Amino acid sequence: MAMTITEKILARHAGKEEVHAGEFVTVTPDFIFGNELGTGLAIEGREELLQKRGIFDTSRVAVIPDHFTPNKDITSAELSKTVREFVRRYHVGHYFEVGRMGIEHVILHEKGLVVSGDVIVGADSHSCTYGALGAFSTGVGSTDFFALLISGQLWFSVPETIKVVLKGKLSKWVTAKDVVLYLVGLLGADGARYKALEFHGDGVRSIPLSGRFTICNMAIEAGAKNAVFPADELTIAYQKGRAQRQPVYYEADADAVYCDVIEIDLTSLKPQLSCPHRPDNVKPFAEAVAGKNLPVDQVFIGSCINGRIEDLREAAGILKDRVVHPDTRLIVTPGSQEVYLQAVEEGLVQIFIKAGAVVSTPTCGACIGGHMGVLAGGERCVSTTNRNFRGRMGHYDSEVYLSGVPVAAASAVLGRIALPEELQP
Amino acid sequence: MSELVFTGTVRRLGDFVDTDAILPAKYLNLTTPEALAAHVLENHAPDFRKILHAGDILVAGRNFGCGSSREHAPLALKGSGVACVIAESFARIFFRNSINLGLPVVELADAGQLAEGHTVRVDCGAGLVSDETSGKTYKVALFPDFMREILKAGGVIPYIENQR
């Protein structure tokens, strides 16, 4: 029987000829990882079991301290220390210390530790990001991560797949972020619950890998288990000289079974805004703003969804020879040290600093209201991140609008939620 | 506990309660149930923990526990002594995390019928939820055997340890 990409990858990793939606499978992932928070909780109180069992395969495990690092307070420093000691004691194969790190979902594909055809499981919900490579990639909690650490195995139900057909090509100032915001708005927060999203159509080719990572990253906001792009020449080119293992490319069978089909016309898509306080509360920009003056206290550009070099180039293109509005703070956080260095070498960091922005070390801090950009009560933020739940970036009474990079950068200059078209040339 | 039967007072929540609402990210550097319980549901309603008592049954609407995979969220509920969570539906990762921690999570399409303050009896073995205040009883799906055993053991790690 015909299979989707997700079914093919899970079948291969379960040692079966074929599997189909609804079946339970036990798989051995090619790669697993956790950040300092998920890992810290995973190993809490389980030292004895860990000592007895050890780690199933240290070469397939990464630990990335990225959420509250550089440590935001003593409690976080103690947790980072505990996690670091665990990494050393059990010889975890891949550890990215402050100064050599990146946000987990930016650094793992950048370093080629995850590749096409993999099953990848991370102790973080945005682990669905790597589906962009044509992999099965999903997030779990800390106990599942611990079970994976000691056993190398985890059970899953094979998800049904929603086929998402992308047609045409995005217009100027419309980004991959707008595609996924639109999709999440269309599906709703549980529209893809327990399901896979699989992308098709001529529009796929027009979206570079950076944009595919952005799109897959936010699949969880529609409740999806995973999201997957078919591998093409762009995928192959991206992994060349980067992949640490041999990628395996899968494509869906022509007569694979889908539970639903959604078409998105990229050509006519307009910039989208996710309004407070739910990621799926998405409206076209024009409708969300509707001519209102919505002053912005803070703009954040970065995170695992929009912290790649392409995003920073886009922001710099708008901020060059312009300055941030006097009543607004702009925080730019490169997704990894490699992205940061490249931004320095390309002169992007000079543009940000001259514009009056702060450029920070890679961290998840601002996105989760942890540190490096926490909001006060009554403040409004335009953010290129993926969640705007109440209190997500700080005070219970702060509000967050999610957008693509062009809207964020234009809003920083104009001091209100704005489109790049509104800027003086 | 081992029979998976709970009687408690209903504490109502709405649709789409996310894990940031259950346990704000700023507390993710805490790792014990007691420490996390001090902040439970703080981003849902800052004073919610004051009306939440050990043995209470949380009743929610659609997609409870959506968003972040933080297991700190169900652990905070467990640390607060929540006996069981009933919802119209659960987000995937939250459901898995709860079972793994031994926190019973019961899907009931009619969850909206269970009103704040009602006394409810949940019998996971029989697959029944009884609203003792209204006198109505609802059928719920039985847990697969392995999940019931995990819940009885108090989570998947004790379950694995008991097996050896």
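What counts as what
- Starting afresh in each chain, residues are numbered from 1 along the sequence in its written order.
- Chains carry letters and ligands carry numbers; both start at the beginning, A for chains and 1 for ligands, and go up in the order they are written.
- Given that this is a predicted model, residues contribute local features only at a pLDDT of at least 70 and side-chain atom pairs are listed and counted only at 80 or more, while totals for whole chains, interfaces and linings are drawn from all residues.
- Each side-chain value is derived from all of the structure's non-hydrogen atoms; neither hydrogens nor water enter the calculation.
- When two cysteine sulfur atoms lie within 2.5 Å, the pair is treated as a disulfide.
- For every residue, the accessible area (1.4 Å probe, protein chains only) is compared with the maximum for its type, and the residue is labelled buried under 20%, exposed over 50%, or partly exposed between those bounds.
- To obtain each axis, a line is fitted to C-alpha atoms, and for helices this fit is confined to the stretch in contact; angles are then taken between N-to-C directions over 0 to 180 degrees.
- Numbered from the N terminus, helices here are DSSP runs of H or I no shorter than four residues, and strands are runs of E no shorter than two.
- Any angle that falls under 35 degrees is termed roughly parallel, while one over 145 is termed roughly antiparallel, one within 65 to 115 roughly perpendicular, and all others oblique.
- Handedness of a crossing is defined here by the sense of rotation of the near helix relative to the far one, left-handed for an anticlockwise turn of less than a right angle and right-handed for a clockwise turn.
- Contact criterion: two residues are considered in contact whenever any of their non-hydrogen atoms come within 4.5 Å of each other.
- Residue polarity follows a fixed list, in which Ala, Val, Leu, Ile, Met, Phe, Trp, Tyr, Cys and Pro are nonpolar, Asp, Glu, Lys and Arg are charged, and the others, Gly among them, are polar.
- At least two DSSP bridges between two strands are required for those strands to pair.
- Here, patches come from residues exposed beyond 30% relative accessible area and free of salt bridges, joined within 9 Å for like charges and within 5 Å for nonpolar side chains (Val, Leu, Ile, Met, Phe, Trp, Tyr).
- Computed with a 1.4 Å probe, the accessible areas rest on the Shrake-Rupley method; for each residue, only the protein chains presented here act as cover.
- One side-chain nitrogen of Lys or Arg within 4 Å of one carboxyl oxygen of Asp or Glu is enough to make a salt bridge.
- These domain limits were set by an automatic method or by a database of domain assignments.
- Summed over both partners, the accessible area lost on bringing two parts together, with a 1.4 Å probe, is the buried area.
- Residues adjacent in sequence count toward polar contacts only when both atoms are side-chain atoms; beyond that, a polar contact is any pair of N or O atoms within 3.5 Å, and within protein one must be able to donate a hydrogen and the other to accept it.
- Two aromatic rings from Phe, Tyr or Trp, using only the six-membered ring of Trp, form a pair when their centres are within 6.5 Å; if the ring planes differ by under 30 degrees the pair is stacked, by over 60 it is edge-to-face, and anything between is tilted.
- Our definition puts a charge over a ring when NZ of Lys or CZ of Arg is within 6 Å of the ring centre and also within 35 degrees of the ring normal.

With that out of the way, let us pick up the state of the cysteines. All names here are of chain A. Enumeration according to the criterion identifies zero disulfides over all chains in this entry. Of the cysteine sulfurs around C259, a residue in no disulfide, the closest is that of C216, at 16 Å. Here C275 stays unpaired: no disulfide links it, and the sulfur of C381, its closest cysteine neighbor, is 14 Å away. With relative accessibility at 6%, the residue C275 sits in the buried group.

Another point: the packing of helix α7 (residues 176-187) of chain A against helix α8 (residues 209-217) of chain A. Residue and element names in this part refer to chain A. With their axes 8 Å apart at the nearest point, α7 and α8 run at an angle of 20° to one another. Taken together, the axis directions place α7 and α8 in an arrangement best described as roughly parallel. Remark: the crossing between α7 and α8 carries right-handed chirality. For the pair α7 and α8, the contacting residues are A176, K177, V179 and V180 in the first and G211, T214 and I215 in the second. Split into classes, the residues belonging to the contact of α7 with α8 amount to four nonpolar, two polar and one charged.

Across the ten residues that make up helix α15 (residues 405-414) of chain A, a large majority, nine, are buried. For α15 of chain A, the full list of buried residues reads V405, P406, V407, A408, A409, A410, S411, A412 and V413 of chain A.

Hydrogen bonding along the main chain pairs the strands of a sheet, whether they run parallel or antiparallel. Residue and element names in this part refer to chain A. Across the sheet, five strands lie side by side as β4-β3-β2-β5-β6; this open sheet has parallel pairing. The open sheet has two free edges, formed respectively by β4 (94-95) and β6 (136-139), since each of these has just one partner strand. In this sheet, strand β5 (residues 119-122) lies alongside strand β2 (residues 31-35) in parallel orientation, the contact comprising three bridges. Looking across to β5, one finds that F33 is bridged to G122.

Turning our eyes to something else, we now look at a nonpolar patch on the surface. On the surface, a cluster of nonpolar side chains totalling about 310 Å² of accessible area is made up of F24 and W155 of chain A together with F146 of chain B. Summarising the element assignment, F24 of chain A is placed in strand β1 (residues 24-27).

A separate point is the domain arrangement of chain A. All names here are of chain A. For chain A, the assigned domains read domain 1 (5-265) and domain 2 (272-417). The straight-line distance from the C-alpha centre of domain 1 to that of domain 2 is 24 Å. Facing 37 residues of domain 1, the contacting portion of domain 2 comprises 36 residues. Here domain 1 meets domain 2 over a buried area of about 3,000 Å², counting both sides, of which 62% is carbon and sulfur. It is I103, K177 and L181 that lose the most area in domain 1 upon contact with domain 2, and together they represent 19% of the buried surface on that side. In this assembly, domain 1 and domain 2 are joined by one salt bridge. Across the pair R387 and E221 runs a salt bridge whose closest N-O atoms are separated by 2.5 Å. Our enumeration of links across domain 1 and domain 2 arrives at 22 residue pairs in polar contact (both at pLDDT 80 or more). Broken down by secondary-structure element, the contributors of at least two residues to the side of domain 1 that touches domain 2 are α5 (104-110), α7 and α8. If you tally residues by element for the side of domain 1 that touches domain 2, the top one is α7, at six residues.

Okay, unusual backbone geometry next. The omega angle of the peptide bond from T69 of chain A to P70 of chain A is -15°, so this bond is cis rather than trans. Residue position: P70 of chain A is located in the loop between β3 (61-64) and α4 (74-89). For the peptide bond that leads from P276 of chain A to H277 of chain A, omega is -5°, which places it in the cis range. If you trace the backbone, H277 of chain A turns up in the loop between β12 (272-274) and β13 (282-284). Backbone geometry places F16 of chain B, a non-glycine residue, at a positive phi of 55°. As for its position among the elements, F16 of chain B is in the loop between β1 (5-12) and α1 (19-22). Taking relative accessible area as the criterion, F16 of chain B reaches 11% and is therefore assigned buried.

Counted by the stated rule, this structure contains eleven aromatic pairs over all chains. Arranged with centres 5.8 Å apart and planes meeting at 55°, the rings of F24 of chain A and W155 of chain A form a pair that is tilted. With F24 of chain A in strand β1 and W155 of chain A in strand β7 (residues 154-157), this pair connects stretches of sequence that are 131 residues apart. Taking relative accessible area as the criterion, W155 of chain A reaches 31% and is therefore assigned partly exposed. Ring plane angle 40° and centroid distance 5.7 Å describe the contact between F86 of chain A and Y90 of chain A, whose orientation is recorded as tilted. Of the two residues, F86 of chain A and Y90 of chain A, both sit in the buried class. Aromatic rings pair up to connect F64, F90, F94 and F95 of chain B into one cluster. Looking at K172 of chain A, its charged tip hangs above the ring of W173 of chain A, at a distance of 4.3 Å from the centre.

We now examine the sheet that holds strand β11 (residues 260-265) of chain A. Residue and element names in this part refer to chain A. One open sheet accounts for four strands, arranged β10-β9-β8-β11; its pairing is parallel. On the outer flanks of this sheet lie β10 (226-228) and β11, each paired with one strand and no other. Direction aside, neighbouring strands of the sheet carry axes that sit 20° apart on average. Pairing analysis gives three bridges linking strand β9 (residues 196-200) to β10, with the strands arranged parallel. When the bridges of β10 are listed, A196 appears paired with N226. Sitting on the sheet, α7 touches β8 (161-167), β9 and β11, and the angle it makes with β11 is about 140°.

Our next topic: the interface of chain A and chain B. Counting residues at the interface gives 44 residues for chain A and 41 residues for chain B. Buried surface at the junction of chain A and chain B, summed over both partners, amounts to about 3,500 Å²; 55% is from carbon and sulfur atoms. Between chain A and chain B we count four salt bridges in total. The partner of R392 of chain A in a salt bridge is D20 of chain B, and the shortest N-O contact between them spans 2.8 Å. At the boundary of chain A with chain B, the tally comes to 20 residue pairs in polar contact (both at pLDDT 80 or more).

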